[in-house]
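Read off the chains here:
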Amino acid sequence: MRKQFRIALAGNPNCGKTCIFNSLTGARQHVGNYPGVTVESKSGNFSLGDIDIELIDLPGVYSLSSSSPEEAVVFRELTKPGIDLIVNVIDSTIPRRSMYLTTQLAELHIPMLLAFNMSDDAKKKGLQFDIAKLETYFGSPIVQTVGNTVTGVKVLKDRLALELENLDDHGVPMLSYGADIDEAIQAVADKIDSLGIAEYQHIPSRFFAIKLLEKDTCVQQIEFFRPAWDEVDKQILHLREKHAIEADTFMADRRYAMLAGACRETISSTMEKRREISDKIDLVMTNKFLGFPLFLAIMYGTFWFTFVCAAPLMEYIESFFGWLGTFIGTLWNPQTLPYLRSLVIDGIISGVGGVIVFLPNILFLFFAIAILEESGYMSRAAFVMDGVMRRFGLQGKSFVPLVLGFGCTVPAIMATRTIESDRDRKITIMVLPFMSCGARLPIYALIIPAFFAQKYQAFTMWLIYIIGVLVALIGAKLMKSTLFKGDGEVYLMELPPYRMPTLKSLMFHMWDRGRMYLQKAGTIILFTSILLYVCNTYPQKKEFSADYDAQIAAVERSENSEEKVKAIENAKLAEKMEYTVSGRVGKFLEPVFKPVGFDWKVTTSMIGALAAKEVFVAQMGILYHEGSDAGEESSTLRAQLVKNYTPLQAFCIMLFCLLSIPCLATLAIIKKELNSWKMAIIEAGALFALAYIVTFMVYQLGTLLHIGTKFLG
């Protein structure tokens, strides 16, 4: 007997497929993206005795009609050679709707095992199944499972072991579309058979004949079938003339009719009439008056849980990397390979620490998202927000990532994977950088207290956040009517029953996302941190405008010598900074940014902020002789800023930071999620152009009207 098999796990969204996949594969999983699309791929391995199995978790779909990227992916995967068995997971609480996909999978004539999942919920609902009749109808064995329990999956394992021993004995489905349709299918199938297409010999020609009659785009793109198009058109015309209906619509109707007949004969329900618990909850959660406030409260709770509960862990991680840098600095003699020592401490350790410090944020974020998804609430959130978001060219599911963008744009972009529409997902990703992430907060916290009276500080902070939200919504509306123009899409708003998430499934979800964040975003941050370290360090200046060492020696014996020495050292650092690549670029670009109110120091700091927005504050601290952070000495730095900039310039700095290119980690995630460096580069260019134009208009108009143009220092 064979010892290795490939099994595909297929089913509708929210059918419990992920629970079964996690239970079977455990930690032996691999996550990525399918080539050319943004749909997530997931595979894992497990063993049944001495049999090794590769399990492929296909995206959740309702059919194989190729009307979405997910359906196209499932179609391509299932028509490739090498799939030994399909496990079709069915939500047995809604069998008729769930088995529409089953009618199409059965046409592939690949051995199939039907897992009637959530059988405990179906039993509570009063549903009873004639399993023997159903098995005959689909030509496939059926096993009743409970995917979120160990015993509920064990029955699936036992049946899998049995079926893998008898793959050649699978039955033939009893599927008929009626005499006229069956004759048309057979005519097209005969034409396909006459072509002798070797690449698809493992799939019955009947399957492709049905797809061609339905005008399936995936099959129409296969050149091998082009010679059969004349026969297809002939049969479609024949059916249209005879039934006054398009073939694809007629066949979909016939599938639902077949399912209605099969379910009527094999599924019965007790006469007990009671309102489902989920329906009772939805009377409140989706109420037209209470639904929106409750949604905002839940989103606030998610936001609070993610970014407040993660704060202590983030502090520990930050302290650890601070200690690590100090520890290595103590062990490593400054005279031994000083440049490498500085690179390791100031570049690599700081770069890695800057990424890992956000890991608790990522883990808590996706833990919260997993709870919302697996409990069934995420579908309700999309339902509640759908009407509001559609006014701006988006759908309800776009609102959740936009809210999460206030914490960190990187995980917010990753959270857009809950949006089924490829177009809406792309638009959401493109406007997410306008949401003021936590990394911009240090910039606001530095500038606002320095330039705005206390009674206006809260309003100014609120205004910056609101500007980002408004620009995001307006941008979405414009993109929906230009770059992503098209007819409005209608989405099936399925409200699955509320379920209690399992801790195991939540932990797997959290681990997958956390690992992906470290692997994809972390490597980019590390690289850019090292690159910017080099740009901020080299070339090194040997001759200075003043003898700083002599000045330090002269003041060391005076009062307050420590503060004076630090001021001199920072003056030397500022001169060294101006001489580096970053400093020279800032000087070179100063004429370009002068019309928006920036000098070379602000321009240089903006370049550093490409690695992380917080770097802007650190760079300004060095350039203005006040250290490299905005911590205990931020008040002194504010005093220096007040002397050199006007409130109008300060507001323009915040506005430009809000609208311009996000950190490079965000661009890397945009590239990853859209599978295109071109889109990431276009995004960066468009954001820079928008930020420059808007800031230019604000600065020039403010200057013309003399608004905020007086120095306060």
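Here is what the cut-offs are and how they apply
Residues numbered from 1 in each chain as written. Predicted model: local features only at pLDDT ≥ 70, side-chain atom pairs only at ≥ 80, totals over all residues. Heavy atoms only, no water. Helix = DSSP H or I, 4+ residues; strand = E, 2+ residues; numbered from the N terminus. Buried < 20%, exposed > 50% of the residue type's maximum accessible area, 1.4 Å probe, protein only. Contact = heavy atoms within 4.5 Å. Areas by Shrake-Rupley, 256 points an atom, 1.4 Å probe, with all protein chains shown as cover. Pairing = 2+ DSSP bridges. Axes fitted to C-alpha atoms, helices over the stretch in contact; angles between N-to-C directions. Parallel < 35°, antiparallel > 145°, perpendicular 65-115°, else oblique. Nonpolar A, V, L, I, M, F, W, Y, C, P; charged D, E, K, R; others polar. Core = buried A, V, L, I, M, F, W, Y, C linked by side-chain atoms within 4.5 Å. pLDDT = per-residue confidence, 0-100.

1. Focus: the overall build of the chain
Stage number 1. A tally of regular secondary structure across the chain gives 33 helices and nine strands.
Stage number 2. Buried residues in the chain amount to 52% of all 713 residues.
Stage number 3. Within the chain, counting contacts between residues at least 6 apart in sequence, those at least 24 apart form 74% of the total.
Stage number 4. Summed over all atoms, the accessible surface of the chain reaches about 33100 Å², with 61% contributed by carbon and sulfur.

2. Details of the pairing of strand S4 (residues 51-57)
Stage number 1. In terms of burial, S4 is a largely internal element, five of the seven residues being buried.
Stage number 2. Pairing analysis gives six bridges linking strand S1 (residues 4-11) to S4, with the strands arranged parallel. By the bridge assignment for S4, alanine 8 is matched with isoleucine 56.

3. Section: the environment of lysine 191
Stage number 1. Mapping lysine 191 onto the fold places it in helix H8 (residues 179-195).
Stage number 2. By relative accessible area, which is 32% here, lysine 191 ends up partly exposed.
Stage number 3. For the pair lysine 191 and alanine 209, spaced 18 residues apart in sequence, the C-alpha separation works out to 9.0 Å.

4. A closer look at the packing of helix H21 (residues 422-431) against helix H32 (residues 664-674)
Stage number 1. H32 packs onto H21 with a crossing angle of 175 degrees between their chain directions and a minimal axis gap of 11 Å. As the angle between them shows, H21 and H32 are arranged roughly antiparallel. Where H21 approaches H32, its residues Arg425, Lys426, Ile429 and Met430 are matched on the opposing element by Ile670, Glu673 and Leu674.
Stage number 2. Taken together, the residues of the contact of H21 with H32 sort by class into four nonpolar, no polar and three charged.

5. A look at the nonpolar core
Stage number 1. Residues Phe295, Phe451, Phe598 and Phe616 are the most contacted members of the largest nonpolar core, which totals 86 residues.
Stage number 2. Core analysis: the second largest hydrophobic core is formed by 63 residues, Tyr100, Met112, Leu175 and Ile267 among them.

6. Structural notes on helix H1 (residues 17-25)
Stage number 1. Counting buried residues in H1 gives seven out of nine residues, a clear majority hidden from the surface.
Stage number 2. Looking only at H1, the buried set comprises Lys17, Cys19, Ile20, Phe21, Asn22, Leu24 and Thr25.
Stage number 3. Positive backbone phi, at 60 degrees, marks glycine 26, one or two positions downstream of H1.

7. Points about the confidence of the model for the chain
Stage number 1. Residues at a pLDDT of 70 or more form 88% of the chain, whose mean pLDDT is 81.
Stage number 2. When mean pLDDT is taken per element in the chain, helix H31 (residues 647-659) scores highest with 95 and strand S2 (residues 29-33) scores lowest with 59.
Stage number 3. Within the model, pLDDT remains below 50 along residues 271-275, and this stretch shows three contacts once partners closer than five positions in the same chain are excluded.
Stage number 4. Across residues 626-635, where pLDDT falls below 50, the model places 16 contacts with residues more than four positions away in sequence or in other chains.

8. Describing the pairing of strand S6 (residues 112-117)
For a regular strand, side-chain orientation follows a simple rule: the groups alternate between the two sheet faces.
Stage number 1. Burial of S6 is extensive: six of the six residues sit out of reach of the surface.
Stage number 2. Side chains Met112, Leu114 and Phe116 of S6 all project onto a buried face; the interleaved residues Leu113, Ala115 and Asn117 project onto the opposite face, where all are buried too.
Stage number 3. Relative to S6, strand S5 (residues 85-91) runs parallel, the two being bridged by six bridges. What sits directly across from aspartate 91, in S6, is asparagine 117.
Stage number 4. Judged from the three bridges that link them, S6 and strand S8 (residues 142-144) form a sheet pairing that is parallel. Bridge pairing links alanine 115 to valine 143 in S8.

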